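Chain by chain, the residues run as shown.
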Amino acid sequence: MPPTQISRDGEPASSVYGSRFASHELPCNDIPDGPMPANIAYHMIKDELSLDNNPKLNLASFVSTYMEKEAEMLMSDAMSKNFIDYEEYPQTAEIQNRCVNMIGKLFNAPGETSVGTSTVGSSEAIMLAVLAMKRYWKIKREKEGKSTDKPNIIMSSAVQVCWEKAARYFEVEERFVNCTRTRFVIDPEEAVAQVDENTIGIVAILGTTYTGAYEDVKGINDLLIKKNIDIGIHVDAASGGFVAPFVAPEIEWDFKLEKVVSINVSGHKYGLVYPGVGWVVWRAPQFLPKDLVFNINYLGADQSSFTLNFSKGASQIIAQYYQLIRLATADYLAEELKKLGFIIMSEGHGRSLPLVAFRFPGRDEKEIEDEHFDEFALALYLRTRGWVVPAYTMAPNTDKMKMMRIVIREDFSRSRCGLLIKDMKLCCQQLEQDGQQFVKRMESNYEQHKAARQDRGNSLHNGDSEYKNEHHSLSGKTGKSHPVC
Ligand SMILES: *Cc1c(COP(=O)(O)O)cnc(C)c1O
């Protein structure tokens, strides 16, 4: 019998579920004293993970859930490479630089080769962009002999949470331009009106996470030029950066606009790579101050580096290159949902991200709003059919408007769309039949279930009780929910 078939106390363990490990809890707090056979460890962990949702039915997320076999093979080949070992893996570094050049070109960066870097995702990319904007502003202010202790940044209240993090972590005052019940994006006039001498930049989102709408980058750009204001725009193109250039090339949002100084994009969203990879590109080296960049002399070779962390896997970068050199229907779904009586909040037709944002008719349509027959209840009912279609509370100043959002990814086929529409009809009917008492009970069951799950599923381990009820974020202050990204 091979050694993997002998269990911890020497008993033969010919079958996974016949072994003594199957009758014990999996270790949670202590590393066990003895080893577990590989095949048993594999099956036990795989079984536990089967409680997670099926990624393909997760219509909440922008992040890739499908890649071709060939891409997966390249990724698994590269899994043991540490990307930061430039000297050991020079070809991987070269491939990153090619990706930066291609993405810079895609975004119409003026130079032949672009300044930029791969990151773990758009969040790291945004942290780096904020640091660069802040440092650029600081150097300028110091030259003028002016104070540098009160930097601020202007953004829409519909920003992804990483912007709030960046502002807080790097001590930059956040100035929000609020949404309204009819405008879910930044207002360029209001944004520019908030600029003062301490503003390090304005953020515009190419594809907000609520409705997928593209913010008016050109509007902000033109106002800054008209008013002769010398500050830059950063475009958060986490989702839209790999959509707009292909679907709506006529939209002006990138380095073609002279005030755009930096852009981030998530490789793991419509860059079609599994998580986590992101990119940040600057218009020109002058916007990435030299004193933020480190030259790592690794075994004799110099490679410049601007990142928050050091080691990371090489697979995602190689996979990005694969997708870039290999490259490739939300409107139908929106029409079907309209027929079911929903109000469509997203623009569609290539003018926004490929997603459908919608809500039940409410007070704006002179309908009575029922707090138990709402978007959150429908989300719950869809969940029982396996679909993850989340409900959200909109950004502040929309009077807690509720909404739902379905993200369309590469693997969302027309036939899957048909199945979803059928289940949406079914769930709406059920919701109507079940009556308020039942829905209320179901919601409270779900809340309990969620609380139990959160005990396990908090990413800051044991952080739940210590850190809950914070009041510093938009979410803590206004009840805004952050859409899944
Ligand atoms: C997803 C997203 C982010 C965060 O990106 P990650 O790649 O998940 O770190 C930031 N901004 C917007 C608009 C997003 O959609």
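Draft legend 1. Representation of unusual backbone geometry in the model. Omega for the bond connecting proline 275 with glycine 276 falls within 30 degrees of zero, at 5 degrees, which places this linkage in the cis form. Examined against the element boundaries, glycine 276 turns out to sit in the loop between β6 (260-266) and β7 (278-282). Positioned with a positive phi, leucine 272 is a non-glycine residue whose angle comes to about 65 degrees. Within the element layout of this structure, leucine 272 appears in the loop between β6 and β7. Here the phi dihedral of aspartate 399 falls at roughly 60 degrees; this positive angle occurs in a residue that is not glycine. Summarising the element assignment, aspartate 399 is placed in the loop between β12 (391-393) and β13 (402-407).

Draft legend 2. Representation of the sheet that holds β7 in the model. Taken together, the seven strands give an open sheet; going across it, the order is β1-β7-β6-β5-β4-β2-β3, and neighbouring strands pair in mixed fashion. At either end of the open sheet lies a strand with only one pairing partner, and these are β1 (115-119) and β3 (173-177). Pairs of neighbouring strands in the sheet enclose a mean axial angle of 20 degrees, with direction left out of account. Here strand β2 (residues 152-156) pairs with strand β4 (residues 199-205) via three bridges, running parallel. Each bridged residue has a counterpart across the sheet, and for asparagine 152 the counterpart in β4 is threonine 199.

Draft legend 3. Highlighting the side chain of glutamine 316. Within the fold, glutamine 316 resides in helix α9 (residues 315-326). Discounting chain neighbours no more than four positions away, the residues touching glutamine 316 are Met75, Val273, Tyr274, Pro275, Gly276 and Val277.

Draft legend 4. Just the sheet that holds β12, in detail. The strand order across the open sheet formed by four strands is β10-β11-β13-β12, and the pairing between neighbours is antiparallel. Looking along the sheet, the strands with just one partner apiece sit at the ends: β10 (343-344) and β12. Bridge count for β12 against β13 is three bridges, and the pairing is antiparallel. Bridging across to β13, threonine 393 finds its partner in lysine 402.

Draft legend 5. Structural detail: the pairing of strand β11 (residues 355-359). In terms of residue burial, β11 counts as a mostly covered element, since five of its five residues are buried. Both faces of β11 are covered, namely the face carrying Leu355, Ala357 and Arg359 and the face carrying Val356 and Phe358. Sheet topology places β11 next to β13; four bridges connect them, and they run antiparallel. Paired with valine 356 across the strands is isoleucine 406, a residue of β13.

Draft legend 6. The arrangement of helix α2 (residues 69-78) in detail. Three or more residues of α2 are buried, namely Ala71, Met75 and Ala78. The buried side chains of α2 occupy one side of the element, clustering within an arc of 70 degrees when seen end-on. Exposed residues on α2 whose side chains face more than 90 degrees from its buried face are Lys69, Met73 and Asp77. Of the surrounding secondary structure, the elements contacted by the buried residues of α2 are α9.

Reading the values: rules and limits
Residues numbered from 1 in each chain as written. Predicted model: local features only at pLDDT ≥ 70, side-chain atom pairs only at ≥ 80, totals over all residues. Heavy atoms only, no water. Helix = DSSP H or I, 4+ residues; strand = E, 2+ residues; numbered from the N terminus. Pairing = 2+ DSSP bridges. Axes fitted to C-alpha atoms, helices over the stretch in contact; angles between N-to-C directions. Contact = heavy atoms within 4.5 Å. Buried < 20%, exposed > 50% of the residue type's maximum accessible area, 1.4 Å probe, protein only. Arc of directions from axis to C-beta.

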